[in-house]
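Examination of the molecular architecture
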Amino acid sequence: MPPIGRTPSCLRRALLLAMAMSIAPFTISTALADGAPLVLPPPAMVHAAGQPVVAGTPGRFISPAYWQRIMHAPGLFMLPPKALYSAPSGLANTPAIYIFADPNCIICHEFYNEVYPLMEANKVMVFVIPIGMIKPTSAGKAAHILLPMAKGKGAAAMMRSAYLLAQDEAAYDTKTREGGLSPSRNATALRMVDADNWLLADLTNRYSGFPHNRIEVPTVVTVVEGKPAVFFGAPPVGAAKFIAALEK
């Protein structure tokens, strides 16, 4: 892998891509390889009464314990690009968003165009949690992204995974709606993706209010007014307003 600072601009600009999405929710059991239905625990009570509203986007508060589960999910923590080339600046008060993302998505390109300048300006940090549900190739491509982290630990492995995520997006085919990476069959990486799939399914079942076993991606988890909250789907107000509201 070439050094991050020397990668082509299209890849460097894709390094922090976090969003993978498919607007319509679907039944998860149809995406499982063996066709087995997904059995989830009963919905839990929400963390607090009411809904957080960020720039007009309603979400649901979640429990602090569930927030901890999401923070430890297999995924890639993406610092703003400037932090890769020099000492990070102004990150202490930068909001962080955790995004469940599928490599096969069309809306991610549009959302990325909104998010990248905000990352470049150190206005947001992103943690990508790869899932594999949209297409039959999704799990394998998500596993390909996580492959370095399946084989090793630490910042170096995470940066290699970030580079693979960049490759997937740089070579994304808008006609076939397929990410650019080839699917991986690595058992450890596939187990990591499976863990992310189940976490998203459980999160959705507990807090979304959707019919049982349905999801929507991207799913964004962040902190609103000091409380962890989840937002299902891409913010309709756009990334800039959504993230600006988190800074207040």
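Refer to the structure presented above.
Fair warning: this is a prediction, and the values are worked out from it, not measured in the lab. (Residues numbered from 1 in each chain as written. Predicted model: local features only at pLDDT ≥ 70, side-chain atom pairs only at ≥ 80, totals over all residues. Heavy atoms only, no water.)

**Observations concerning the sheet that holds strand β7 (residues 125-130)**
In spatial order, the strands read β4-β10-β9-β6-β7-β5; together these six strands make up an open sheet with mixed pairing. Edge positions in the sheet fall to β4 (60-61) and β5 (76-78), since each of these pairs with one other strand and no more. By the bridge criterion, six bridges tie strand β9 (residues 219-224) to strand β10 (residues 227-232) in an arrangement that is antiparallel. From the neighbouring strand, T222 faces β10, where its bridge partner is A229. Lying on the sheet, helix α8 (residues 239-246) is in contact with β6 (96-101), β9 and β10; it crosses β9 at an angle near 30 degrees. (Pairing = 2+ DSSP bridges. Helix = DSSP H or I, 4+ residues; strand = E, 2+ residues; numbered from the N terminus. Contact = heavy atoms within 4.5 Å. Axes fitted to C-alpha atoms, helices over the stretch in contact; angles between N-to-C directions.)

**A closer look at the pairing of β9**
Of all six residues in β9, five are buried; the element is thus mostly enclosed. Relative to β9, β6 runs antiparallel, the two being bridged by three bridges. Opposite Y98, over in β9, you have V221 as the bridge partner. The turn linking β9 back onto β10 is made up of two residues, and E225 within it adopts a positive phi angle of 55 degrees. (Buried < 20%, exposed > 50% of the residue type's maximum accessible area, 1.4 Å probe, protein only.)

The quantities given are spatial measurements derived from coordinates; they are silent on function.
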